[in-house]
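# A look at the structure
Next come the chains, spelled out residue by residue.
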Amino acid sequence: DQYEVTVGRFRRYVSSYDPASLPEGAGANPALPLSGWSREFLAHMPESARELGFAIAECGGTWTDDVGSNEARPISCVTWFEAMAFCAAEGKRLPTEAEWEYAASGGAEQRPYPWGNEAPASERAVFGCLFDGDASCADADLPVAGSLPKGAGRFGQLDLAGSLWEWTQDVYAPYSDDACADCAVLSTDESARVFRGGDFKFEDPTSLRAWTRYAFLPAFPDPTRGF
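Attention here is on the structure that accompanies the text. (Residues numbered from 1 in each chain as written. Predicted model: local features only at pLDDT ≥ 70, side-chain atom pairs only at ≥ 80, totals over all residues. Heavy atoms only, no water.)

### Quick word on the packing of aromatic side chains
As a reminder of what qualifies: Within 6.5 Å between ring centres, the rings of Phe, Tyr and Trp (the latter by its six-membered ring) count as paired, and their orientation is classed by plane angle as stacked under 30 degrees, edge-to-face over 60, tilted in between. Each residue is assigned to one of three classes by its accessible area relative to the maximum for its type, calculated with a 1.4 Å probe on protein chains only: buried under 20%, partly exposed between the two thresholds, exposed over 50%.
Going through the model one piece at a time under the given rule, you end up with 19 aromatic pairs. Seen in terms of ring centroids, W37 and F41 are 5.3 Å apart; in terms of plane orientation they differ by 80 degrees. Their pairing is edge-to-face. A single burial state applies to W37 and to F41, both of which are buried. Measuring from centroid to centroid gives 5.9 Å for F216 and F220, while their planes differ by 90 degrees, and the two rings are edge-to-face. Under the relative-accessibility criterion, F216 is labelled partly exposed at 40%. F220 sits in the partly exposed class, given a relative accessible area of 44%.

Next up, the structure:
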């Protein structure tokens, strides 16, 4: 996708929420047959749309119980399991960590930032609570998805640096020294999953570099993480 998943788009998913109906393997990477939805993930999913909405609201991110002014802002507070289910339901998938970095670094160009070599600035990335022009952090520092076209990556994606951290497919693991194609570290357990790209609060501009990686347990949501 070109944009982070928005509140409004996620709301449409919640309205027809039924993860139990997802077939085994839905949302798999064609090159990685074992990368799709697993029924083992159901143990980590809310049982109803009401419970899903409550869990996301409890986390304190961009979700609202009713349609409002946040519909075009990126959805936050979604767990890795919930992101997997959303992607599978839409016939899409989470990117692998390698795919995400390929997009963020411009492929063979190996850019340090999605837009190129220039240092991060408020017209290129949503970070450091700078977007609304006030020194303090506020909801207004996380704008609608795709607000900064000057920060677009080589292949057209927006907000690969800043806005929200984005979940990837992979389990966190050390890089291998071996060359590989279609690389991914896969598992159906509760191992920590990788997220990339920085967020709207983080002040350290190094977090916006294409190769920066962090990870956390997949069942835990956060107001600065989306997908």
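### Examining the environment of D1
Quick reminder of the rule: Only DSSP runs of H or I reaching four residues or more are called helices, and only runs of E reaching two or more are called strands; each is numbered from the N terminus. Any two residues having at least one pair of non-hydrogen atoms within 4.5 Å are treated as being in contact. Residues adjacent in sequence count toward polar contacts only when both atoms are side-chain atoms; beyond that, a polar contact is any pair of N or O atoms within 3.5 Å, and within protein one must be able to donate a hydrogen and the other to accept it.
Topologically, D1 is positioned in the segment before α1 (7–15). Taking C-alpha positions, D1 is 9.4 Å from G156, a pair spaced 155 residues apart along the chain. If sequence neighbours within four positions are ignored, D1 has contacts with R9, K92 and Q157. Within the local environment of D1, its side chain forms a polar contact with the side chain of K92, the two groups lying 2.7 Å apart.

### Regarding the state of the cysteines
Defined as follows: Whenever a pair of cysteine sulfur atoms sits within 2.5 Å, that pair is classed as a disulfide.
Taken as a whole and assessed by the stated rule, the structure comprises three disulfides. For C180, the disulfide goes to C183, at an S-S distance of 1.6 Å. Handedness of the C180-C183 disulfide follows from its S-S torsion of about 115 degrees: it is right-handed. Sequential numbering of the bridged cysteines in the chain gives the disulfide pattern 1-2, 3-4, 5-6. Free of any disulfide, C87 has its nearest neighbouring cysteine sulfur in C77, separated by 17 Å. Taking the relative accessible area as the measure of exposure, C87 reaches 8% and is therefore buried.

### Observations regarding the side chain of E82
What counts here: Positive residues here are Lys and Arg, negative ones are Asp and Glu, while His and the chain termini are left out of the count. We count a salt bridge whenever a side-chain nitrogen from Lys or Arg sits within 4 Å of a carboxyl oxygen from Asp or Glu.
Checked against the element boundaries, E82 lands in helix α3 (residues 80–89). One buried charged residue, E82, remains without a salt bridge, the closest side chain of opposite sign being R225 at 9.9 Å. Apart from the residues within four sequence positions on either side, E82 is in contact with M45, P46, L52, I56 and C77.

### Re the sheet that holds strand β4 (residues 225–226)
What counts here: At least two DSSP bridges between two strands are required for those strands to pair. Here an axis means a line fitted to C-alpha atoms, over the contact stretch when the element is a helix, while the angle between two N-to-C directions is reported on a 0 to 180 degree scale.
Reading across the sheet, the four strands line up as β3-β2-β1-β4 and stay open at both edges, with mixed pairing between neighbours. One side of each edge strand has no neighbouring strand; the edge strands of this open sheet are β3 (213–216) and β4. As paired strands, strand β1 (residues 165–171) and strand β2 (residues 193–196) are joined by three bridges and run antiparallel to one another. When the sheet's bridge partners are listed, W167 is paired in β2 with F195. Running over the sheet, α3 touches β1 and β2 and is turned about 85 degrees from β1.

### Notes on the environment of S207
In this structure, S207 sits in the loop between β2 and β3. Residue S207 is classed as buried on the basis of its relative accessible area, which comes to 1%. Residues contacting S207, with those up to four places away along its chain left out, are W165, G197, G198, F202 and T212. Separated by 2.8 Å, the side chain of S207 and the backbone oxygen of D204 make a polar contact.

### Some details on unusual backbone geometry
Backbone geometry at C77 places phi at a positive 65 degrees, although glycine is not the residue there. Here C77 is to be found in the loop between α2 (49–59) and α3. Its relative accessible area of 1% is what places C77 among the buried residues. For C129, which is not glycine, the phi dihedral falls at a positive 55 degrees. Among the structural elements, C129 can be located in the loop between α4 (97–104) and β1.

### Thoughts on a nonpolar patch on the surface
The condition that has to hold: Surface patches are drawn from residues lacking salt bridges whose relative accessible area is over 30%; two like charges belong together within 9 Å, two nonpolar side chains (Val, Leu, Ile, Met, Phe, Trp, Tyr) within 5 Å. Reported accessibility uses the Shrake-Rupley method at a 1.4 Å probe radius. Residues are deemed covered only where the shown protein chains occlude them.
On the surface, a nonpolar cluster with roughly 280 Å² of combined accessible area is contributed by F216, L217 and F220. On the secondary structure map, F220 appears in the loop between β3 and β4.

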